[in-house]
Amino acid sequence: MKTALITGLIGGIMGFIMSFLMNWLLIPMPETILANAIGNGLSGLISGFMGGFIGLLMYQRKRAAGD
């Protein structure tokens, strides 16, 4: 359980970093509220997926190593 929480936290941090970078570098400043909502939704979707995926990979790696 402790390992899952730690890897989930690391995955969440990675998701935060991905979302921040996408909003800072890739998604231009929105002109409308709808464009802002769509941009935030896409950023959240991608960063959430990346955070969960990285957390899962780290959990499997630690589990395979026997920690």
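**Focus on helix 2 (residues 33-65)**
- Taking 1.5 Å as the rise per residue, helix 2 with 33 residues should run 48 Å; its terminal C-alpha atoms sit 47 Å apart, in good agreement.
- Among the residues of helix 2, those classed as buried are Gly 39, Ser 43, Ser 47, Gly 51 and Gly 55.
- Buried residues along helix 2 sit against helix 1 (2-26).
- Taken from the residues just after helix 2, Gly 66 is the one with a positive phi, measuring 90 degrees.

**Quick word on the environment of Leu 26**
- Its location among the elements puts Leu 26 in helix 1.
- Each C-alpha atom, one on Leu 26 and one on Ser 43, is 9.8 Å from the other, the two residues being 17 residues apart in sequence.

**Structural notes on helix 1**
- An ideal rise of 1.5 Å per residue puts 36 Å on 25 residues; helix 1 measures up with 35 Å between its terminal C-alpha atoms.
- Taken as a whole, helix 1 has its buried residues at Thr 7, Gly 11, Gly 15, Ser 19 and Met 22.
- Lining the buried residues of helix 1 we find helix 2.

Reading the values: the criteria
Position numbers for residues start from 1 in each chain and track the written sequence from start to end. Reporting in this predicted model follows two pLDDT cut-offs: at least 70 for local features of residues, and 80 or more for side-chain atom pairs to be given and counted; totals over whole chains, interfaces and linings ignore these cut-offs and use all residues. As a convention, hydrogens and water are excluded, and side-chain values are obtained from all of the structure's heavy atoms. Numbered from the N terminus, helices here are DSSP runs of H or I no shorter than four residues, and strands are runs of E no shorter than two. One less than the number of residues in a helix, times 1.5 Å, gives the span that helix is expected to have. Relative accessibility thresholds used throughout: buried, under 20% of the residue-type maximum; exposed, over 50%; partly exposed, between the two (1.4 Å probe, protein chains only). Contact definition: two residues touch when any of their heavy atoms are within 4.5 Å.

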